[in-house]
Amino acid sequence: MRLIIKKNYEDCSVWAANYVAYCIKSFRPTPNKPFILGLCTGSTPLGMYAELIKMYKQGKISFANVVTFNMDEYIGLGPKDTQSYYYFMHENFFNHIDIPQKNIHLLNGLTKNYAKECQDYEDAIKSYGQINLFIGGVGSDGHIAFNEPGSSLTSRTRVKTLTSETIDANSRFFDYDISKVPTSVLTVGIGTIMDAQEVMILANGDKKARAIHHAVEGSINHMWPISILQMHQHSTIVCDEPATNELKADTVRYFKDIEKKLRPET
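Only a predicted model underlies this, so the values are computations on that prediction, with no experimental measurement involved.

Read from one edge to the other, the open sheet built from 3 strands follows the order 4-8-7, with strand pairing classed as antiparallel. Looking at strand neighbours, the two that pair on one side only are strand 4 (72–74) and strand 7 (158–161), the edges of this open sheet. In this sheet, adjacent strand axes meet at a mean angle of 30° when their direction is disregarded. Inspection of the sheet shows strand 4 paired to strand 8 (residues 184–187) by 3 bridges, in the antiparallel sense. Bridging across to strand 8, glutamate 73 finds its partner in leucine 186.

Attention shifts here to the sheet that holds strand 2 (residues 35–39). The sheet built from 7 strands is open, its strands ordered 1-10-9-6-2-3-5 with parallel pairing. Unpaired on one side and paired on the other, strand 1 (2–6) and strand 5 (104–105) mark the two borders of the sheet.

A few words on the nonpolar core. Counting 84 residues, the largest nonpolar core has Met48, Phe93, Ile135, Met200 and Ile237 as the members making the most contacts within it. The element contributing the most residues to this core is helix 1 (residues 9–27), with 9 residues. Once you skip the residues sitting within four places of it in the chain, isoleucine 237 turns out to touch Met1, Arg2, Leu3, Ile4, Ile201, Ile212, Ala215, Val216, Ile226 and Leu229.

Turning our attention to unusual backbone geometry. The phi dihedral of alanine 145 is positive, around 55°, even though this residue is not glycine. With respect to the secondary-structure elements, alanine 145 resides in the loop between strand 6 (133–137) and strand 7. You will see that aspartate 175, though not glycine, has its phi angle at about 60°, which is positive. Assignment of secondary structure puts aspartate 175 in the loop between helix 5 (164–170) and strand 8. Residue classification places aspartate 175 among the exposed positions, given a relative accessible area of 65%.

Conventions used here
- Within each chain, residue numbers correspond to sequence positions counted from 1 in written order.
- Under the rules for a predicted model, residues below a pLDDT of 70 receive no local features and side-chain atom pairs below 80 are neither given nor counted, while totals for whole chains, interfaces and linings still include all residues.
- Working from all heavy atoms in the structure, the side-chain values ignore hydrogens and water.
- Paired strands, as defined in this entry, are two strands with at least two bridges between them according to DSSP.
- Starting at the N terminus, helices and strands are each numbered in turn, a helix being any DSSP run of H or I of at least four residues and a strand any DSSP run of E of at least two.
- Axes here mean lines fitted to C-alpha atoms, for a helix over just the part in contact, with angles spanning 0 to 180 degrees between N-to-C directions.
- To qualify as a nonpolar core, a set must consist of buried Ala, Val, Leu, Ile, Met, Phe, Trp, Tyr and Cys residues joined through side-chain atoms within 4.5 Å.
- Relative accessibility decides the category of a residue: with a 1.4 Å probe and only protein chains considered, values under 20% of the type maximum give buried, values over 50% give exposed, and everything between is partly exposed.
- What makes two residues a contact is simply this: any of their non-hydrogen atoms within 4.5 Å.

So yeah, pure geometry; function would need other evidence.
See below:
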């Protein structure tokens, strides 16, 4: 596992965006060999998306040969709903870059056949081989995508009921009215995420400190889904200083020290 510790949210966003651009350009994607990028929603990746849009407008990166798969979608919300993740992704990222619409994959929250939608999504990912880089956030309870505590560490794309803590956290997107927050979602599984060639998790703020502690220093435990990253060959957590508040001082020093010895572009 690699732990990138930056001073603040802005520095985390810049580092993450630069790393995404580095991965895409190093891959040298073509129409017949696209780069497969897994994406997430929420407030955490917004800074990264803004930086990537800036890079695109400056001519530093193209998404013409990038295929994306998002992590999740609320059940009951369609593309035109302003709180759907379809709407979120287009408003905050896709509408501002050169990615072809046919290259964008999102789960359908209005489907009537959940099992088929989830299996079709898994099959679509497999049709490309694997996701090259899967980017996600983490909840204060350690959930990744919407794989809540207690989720199987080998789970696949499926329907998931949200915990009260997650519903409460997401109420900020629904005018802080909990009654408006959907209680179930379609989400990729932990096994789906772990199949990716590389996984990068973004975290900021002291509310994420306990989750980062369990991810880095804790045991692998289905009650802290993020801890499974310890078993991934190429996992990276990008976090700010407050998110390290529950890590041991020696742990923070170790990760900061080894990053000083790595090349700037990585």
